[in-house]
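Descriptive analysis of the structure
These are the residues of each chain, in order.
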Amino acid sequence: MPGYDLHAHSTHSDGLLAPAAVVARAAARGVEVLALTDHDEVSGLVEARAAAAEAGITLVAGSELSVSWDRLTIHIIALGIDSENAMLAQGLAAIRTGRTLRARRIADALAEAGIRGAYEGAMQYVTSERLISRTHFARYLVDAGHVGEVRDVFKRFLVPGKPGYVAHQWATLGQAVGWIRAAGGQAVLAHPGRYKVTRSGMRRLLSEFRDAGGDAVEVLSPSHTPAQVAEYAGLARVFGLRGSCGSDYHGPGESRLDLGDLPALPSGVVPVWKDW
Ligand code: AMP
Ligand code: MN
Ligand code: MN
Ligand code: MN
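First things first, this report covers the structure right here in the doc. The shown structure was predicted, so the numbers you read here are calculated from the model rather than taken from an experiment. (Residues numbered from 1 in each chain as written. Chains lettered and ligands numbered in written order. Predicted model: local features only at pLDDT ≥ 70, side-chain atom pairs only at ≥ 80, totals over all residues. Heavy atoms only, no water.)

**Overview of the coordination of the manganese ion (ligand 3)**
Six octahedrally arranged donors around a metal ideally form angles of 90 or 180 degrees; four tetrahedrally arranged donors ideally form angles of 109.5 degrees. The condition is simple: Nitrogen, oxygen and sulfur within 2.8 Å of a metal are treated as its donors, or within 3.2 Å for sodium, potassium and calcium (Na, K, Ca); water is not counted, so a site can appear incomplete. Each helix is a run of DSSP H or I of at least 4 residues and each strand a run of E of at least 2, with the numbering of both proceeding from the N terminus. Three exposure classes are used, based on accessible area relative to the maximum for each residue type with a 1.4 Å probe and protein chains only: buried under 20%, partly exposed in between, and exposed over 50%.
Taken together, the protein ligands of the manganese ion (ligand 3) are E64 (OE), H75 (ND1) and H191 (NE2), with distances of 2.1 to 2.2 Å. All donors of the manganese ion (ligand 3) belong to a single chain; written as a sequence motif, their spacing is E-x10-H-x115-H. A spacing of 5.8 Å is found between the manganese ion (ligand 3) and the manganese ion (ligand 2). Remark: H191 occurs in the loop between strand 5 (186-189) and helix 8 (199-212) and H75 occurs in strand 4 (residues 72-79); sequence separation between them is 116 residues. The class for H191 is buried, based on a relative accessible area of 1%.

**Looking at the packing of aromatic side chains**
Note the threshold: Pairing of aromatic rings covers Phe, Tyr and Trp, the last through its six-membered ring, and needs centres within 6.5 Å; plane angles under 30 degrees mean stacked, over 60 mean edge-to-face, and all others mean tilted. Sitting over a ring, as applied to charges here, requires NZ of Lys or CZ of Arg to be within 6 Å of the ring centre and within 35 degrees of the ring normal.
Scanning the model with the defined rule gives two aromatic pairs in all. Among the aromatic side chains, those forming a connected cluster through ring pairs are Y4, W273 and W276. Over the face of the ring belonging to Y119 we find R104, whose NZ or CZ atom lies 3.7 Å from the ring centre.

**Structural notes on the sheet that holds strand 6 (residues 216-220)**
Sheet strands pair by backbone hydrogen bonding; their relative direction is either parallel or antiparallel. Formally: For two strands to be treated as a pair, DSSP must find at least two bridges joining them. Here a residue-residue contact requires only that any non-hydrogen atoms of the pair lie within 4.5 Å. The axes used here are C-alpha line fits, helices contributing only the stretch in contact, and every angle between their N-to-C directions lies in the interval 0 to 180 degrees.
Within the open sheet, the seven strands sit side by side as 1-2-3-4-5-6-7. Their pairing is mixed. The open sheet is flanked by strand 1 (4-5) and strand 7 (242-245), the only strands paired with a single partner. Relative to strand 7, strand 6 runs parallel, the two sharing four bridges. Counterpart to V217 in the pairing with strand 7 is G243. Across the sheet, helix 2 (residues 45-55) lies against strand 2 (33-36) and strand 3 (58-69), angled at about 150 degrees from strand 3, the strand it touches most. Packing of helix 8 onto the sheet brings it into contact with strand 3, strand 4, strand 5 and strand 6, and relative to strand 5 it is tilted by some 175 degrees.

**So, the side chain of H7**
For clarity, the cut-off: Two N or O atoms form a polar contact when they lie within 3.5 Å of each other; inside protein one atom must be a possible hydrogen donor and the other a possible acceptor, and for residues adjacent in sequence the pair counts only when both atoms belong to side chains.
Along the chain, the position of H7 falls in the loop between strand 1 and helix 1 (19-28). Within polar-contact distance, the side chain of H7 engages the side chain of E64 at 3.0 Å. Side chain to side chain, H7 and E218 meet in a polar contact 2.8 Å long. Those residues in contact with H7 that sit more than four places away from it in its chain are A35, T37, E64, I77, A190, H191, E218, C245, G246, S247, D248 and Y249.

**Examining the nonpolar core**
Cut-off, in case you're wondering: What we call a nonpolar core is a set of buried Ala, Val, Leu, Ile, Met, Phe, Trp, Tyr and Cys residues that are connected through their side-chain atoms within 4.5 Å.
By size, the foremost hydrophobic cluster in this structure holds 69 residues, and its most contacted members are L34, I74, I76 and L173. Setting aside residues no more than four positions away along its own chain, L34 makes contact with D5, A8, V22, V23, A26, I57, T58, L59, V60 and L259. Grouped together as the second largest cluster of nonpolar side chains are 22 residues, Y119, Y140, L141 and V150 included.

**Digging into the pairing of strand 6**
Of all five residues that make up strand 6, five are buried, and the element is covered over most of its length. In this sheet, strand 6 lies alongside strand 5 in parallel orientation, the contact comprising two bridges. Within the sheet, the bridge partner assigned to L189 lies in strand 6 and is V217.

**Comments concerning the pattern of salt bridges**
The condition is simple: Salt bridge, as used here, is a side-chain nitrogen of Lys or Arg placed within 4 Å of a carboxyl oxygen of Asp or Glu.
A full pass over the atoms with the stated rule returns 12 salt bridges. Here D258 and R25 are joined by a salt bridge, their closest N and O atoms 2.8 Å apart. Of the two residues, D258 sits in the segment after strand 7 while R25 sits in helix 1, which places them 233 residues apart along the sequence. One connected set of salt bridges, linked through shared partners, spans R25, R29, D258 and D261.

**A look at helix 1**
Formally: Working definition: the arc comes from the directions between the helix axis and the C-beta atoms, pointing outward to the latter.
Turning to helix 1, its buried residues are P19, V22, V23 and A26. The buried side chains of helix 1 occupy one side of the element, clustering within an arc of 95 degrees when seen end-on. Each element contacted by the buried residues of helix 1 is listed here: strand 2, helix 2 and strand 3. Backbone geometry just downstream of helix 1 places G30 in the positive-phi region, at approximately 90 degrees.

**Some thoughts on the site of ligand 1**
Short version of the rule: Any residue with a heavy atom lying within 4 Å of a molecule or strand is counted as near it. For the accessible areas, the method is Shrake-Rupley and the probe is 1.4 Å, while residue cover comes only from the protein chains on display.
Taken together, D14, H39, R99, R102, S133, R134, T135, R151, F154 and H250 are the residues near ligand 1. Within the side chain of R134, a nitrogen or oxygen atom sits 2.7 Å from an oxygen atom of ligand 1. Protein contacts shield 80% of the accessible area of ligand 1, which totals 500 Å² for the unbound molecule. Those elements that provide at least two residues to the shell around ligand 1 are helix 3 (86-112), helix 5 (134-143) and helix 6 (150-156).

Written as structure tokens, this is what we have:
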């Protein structure tokens, strides 16, 4: 199945490339079906759709929704949504408002750790006035000389137990899946291997996700080891969920995988695109 990449970010959230540049890069790298999945945002899809028509590839309208589940933050990818749907749009707008409030609290927490001016600093890296993420704080902390590179920020700052971390209430699992389905899309549990849960916790998450109307699990992800790919392929089968794949591309120099750098889904996994 060459050519499916169903997880990528642009400047409309925390990616480094504009939507048209993401699409052009994907096309040049042999991607045939690309989903643009900006965090809690769909505003990049207009530009991406036009660029995809130009490049002769298929653009899947997507987003990556931030969700609080059992004291964890998890991500739910929406695929094939009507990006104009009012219910989804209102839900995403509410999450983005929460992001702005959280950003102020992150800056306050960093100030307590002796790093002042982080809100204004992070804002210099924000590329869409509608959305601020920890990635923007991370880029600021690197360029201000506090940390060597972005991935190391998430070891020393902004994560539980470290300076600059603040707990935050995102959407509920039921809300996120409900909005995605209201917009005619499919819901995919993103990079499950990243969530710090026990085996039984993961099973509970998968069963609640499926019961809420979830469709698929992101089996192939740069966050997964080969063992985790096999594990989530097996769990997808057990829970009657389909499988998805995505590079989670954020831009040159910041991502483990480039657009389209994905192997085939393991055999036995029903692809999320089976009925497209
Ligand atoms: P937020 O949704 O604002 O909490 O920010 C989460 C974003 O931070 C993710 O989408 C990634 O882009 C980035 N991120 C989180 N953990 C890491 C990590 N270990 N290395 C690099 N980027 C990370
Ligand atoms: Mn991101
Ligand atoms: Mn994610
Ligand atoms: Mn992502």
